[in-house]
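Working through the structure, step by step
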Amino acid sequence: MPRQRRLRKIVAPPKFQGYKPYGNNDYSTGSIDLLYEEYEAIKLADYDMMKHIDAAKLMGVSRATFARIYESARQKIAKAFVETKEIIAVYGNAEFDKNWYVCNNCNSRFTIPSTINEQKCPFVSCSSDNIELINK
Amino acid sequence: MKTVITSSGKTTDSDFDKRFGRADFFCVFDNETNETSFIENIHKDSSNAAGTKAAEVMVELGVSKVISGDFGPKAKTMLEKFDIQMVIIQGDGVKINDLIKKLS
Ligand SMILES: [Zn+2]
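This write-up is about the structure you can find in this document. (Residues numbered from 1 in each chain as written. Chains lettered and ligands numbered in written order. Predicted model: local features only at pLDDT ≥ 70, side-chain atom pairs only at ≥ 80, totals over all residues. Heavy atoms only, no water.)

The next thing to look at is the packing of helix α2 (residues 52–59) of chain A against helix α3 (residues 63–82) of chain A. All names here are of chain A. In the contact formed by α2 and α3, the axes pass within 9 Å of each other and the chain directions differ by 100°. Taken as axis vectors, α2 and α3 run roughly perpendicular relative to one another. Of the residues in α3, those in contact with His52, Ile53, Ala55, Ala56 and Met59 of α2 are Arg63, Phe66, Ile69 and Tyr70. Looking at the contact of α2 with α3 residue by residue, the class counts come to seven nonpolar, one polar and one charged. (Axes fitted to C-alpha atoms, helices over the stretch in contact; angles between N-to-C directions. Helix = DSSP H or I, 4+ residues; strand = E, 2+ residues; numbered from the N terminus. Parallel < 35°, antiparallel > 145°, perpendicular 65-115°, else oblique. Contact = heavy atoms within 4.5 Å. Nonpolar A, V, L, I, M, F, W, Y, C, P; charged D, E, K, R; others polar.)

In structure tokens form, the structure reads like this:
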């Protein structure tokens, strides 16, 4: 059984449900889902100006995992800006969530009901046991 | 074991639907028989509690796992109570076929 690392949530969830571009001539060209931990990574690294290694520690994830979350967040925000897409905060009610896991292999998020004994990714093709508890 | 995948259409070529309560269809996949069926979500346009009603449908169908893009708080509570595993994927441009392959 792998060690369960906790993704500690030390900041408040985003206070918005989304951001919309305005002044653009085009009609809305779709939306981008920004995950809660992606918001958190941007906040810690670019708003609180923390070193990545410290931000990773605060979130309770490895440096490599933090880098992946942060990179994904930046790409999403850049894409939203350039392609005038809305940004939608996913897991806006994160503070109500308990016992959600993330698969570090395929990025799926899932619960594990008490009727399931194995702690692994629910996709058979993945079945990774490299999962982390997101303690929101 | 039955898994529900939220779907925008009633064939396995359809796009994954990221909404749970307001999904157009529910694709029911049985990994023991390898059969899939599609159920129209009749509650998708109800003004409130679409999520709760969808969760009730899951309980009636006896599914063990639901794959969608997000779940509202009421749906979460209900699915949790009935020990139904919730799976969230980002799934942009993902087809129902792709997800069924990952389950078998
Ligand atoms: Zn996985």
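Okay, back to it.
Bringing the sheet that holds strand β5 (residues 85–88) of chain B into the picture now. Pairing within the open sheet is mixed, and its eight strands lie in the order β6(A)-β4(A)-β5(A)-β5(B)-β4(B)-β1(B)-β2(B)-β3(B). Each edge of the sheet is formed by a strand with only one pairing partner; in this case those strands are β6 (131–134) of chain A together with β3 (35–40) of chain B. Averaged over all pairs of adjacent strands, the angle between strand axes in this sheet comes to 25°, irrespective of strand direction. Where strand β1 (residues 2–7) of chain B and strand β2 (residues 25–30) of chain B come together, six bridges link them in antiparallel fashion. What sits directly across from Val4(B), in β2(B), is Val28(B). Against the sheet, helix α3 (residues 96–103) of chain B engages β1, β2, β3 and β4 (65–68) of chain B, with an angle of about 160° to β1(B). (Pairing = 2+ DSSP bridges.)

With that settled, the discussion passes to the coordination of the zinc ion. Residue and element names in this part refer to chain A. Those protein atoms acting as donors to the zinc ion are Cys103 (SG), Cys106 (SG), Cys121 (SG) and Cys126 (SG), and they sit at 2.2 to 2.3 Å. Here the zinc ion binds four donor atoms, and the angle range of 103 to 116° at the metal identifies the geometry as tetrahedral. Read in sequence order, the donor residues for the zinc ion give the motif C-x2-C-x14-C-x4-C. One end of the pair, Cys103, is in strand β4 (residues 100–103); the other, Cys126, is in the loop between β5 (109–111) and β6, with 23 residues separating them in the sequence. (Donors = N, O, S within 2.8 Å, 3.2 Å for Na, K, Ca; no water. Tetrahedral: all angles 85-135°; square planar, octahedral: opposite > 155°, others 65-115°.)

Under the defined criterion, the tally for this structure stands at four aromatic pairs over all chains. For the ring pair Phe66(A) and Tyr70(A), a centre distance of 5.9 Å and an interplane angle of 10° mean the geometry is stacked. In this pair, Phe66(A) and Tyr70(A) are both assigned in helix α3, four residues apart and thus about one turn of the helix distant. Note on Phe66(A): relative accessible area 0%, which makes it buried. Overall, the relative accessible area of 7% leaves Tyr70(A) in the buried class. An angle of 55° between the planes, with centres 5.0 Å apart, marks the rings of Phe20(B) and Phe71(B) as tilted. With Phe20(B) in the loop between β1 and β2 and Phe71(B) in the loop between β4 and α2 (73–81), this pair connects stretches of sequence that are 51 residues apart. Accessibility assignment for this pair places Phe20(B) and Phe71(B) in one class, buried. Three or more aromatic residues joined by ring pairs form one cluster here, namely Phe20(B), Phe26(B) and Phe71(B). When the ring centre of Phe123(A) is taken as reference, the NZ or CZ atom of Lys102(B) above it lies at 5.7 Å. (Phe/Tyr/Trp six-rings, centres within 6.5 Å; stacked < 30°, edge-to-face > 60°. Buried < 20%, exposed > 50% of the residue type's maximum accessible area, 1.4 Å probe, protein only. Lys NZ or Arg CZ within 6 Å of the ring centre and 35° of its normal.)

What follows deals with the pairing of strand β2 (residues 31–35) of chain A. Residue and element names in this part refer to chain A. Most of β2 sits out of view: four of its five residues are buried. With five bridges joining them, β2 and strand β3 (residues 86–90) adopt parallel strand pairing. Looking at the pairing, Asp33 lines up with Ile88 of β3.

Bringing the environment of Ala73(A) into the picture now. All names here are of chain A. Position of Ala73 among the secondary structure elements: in helix α3. Of the residues examined, Ala73 reaches a relative accessible area of 0% and is grouped as buried. Distance in space between the C-alpha atoms of Ala73 and Glu37 is 8.7 Å, their sequence separation being 36 residues.

The phi angle at Ser127(A) is positive, at roughly 50°, despite the residue not being glycine. Here the phi dihedral of Asp83(B) falls at roughly 55°; this positive angle occurs in a residue that is not glycine. Considering the arrangement of structural elements, one finds Asp83(B) in the loop between α2 and β5. On the basis of relative accessible area, Asp83(B) is assigned to the partly exposed category, the value being 31%.

A few words on the environment of Gly93(B). Along the polypeptide, Gly93(B) turns up in the loop between β5 and α3. With 78 residues separating them in the primary sequence, Gly93(B) and Asp15(B) have C-alpha atoms 6.7 Å apart.

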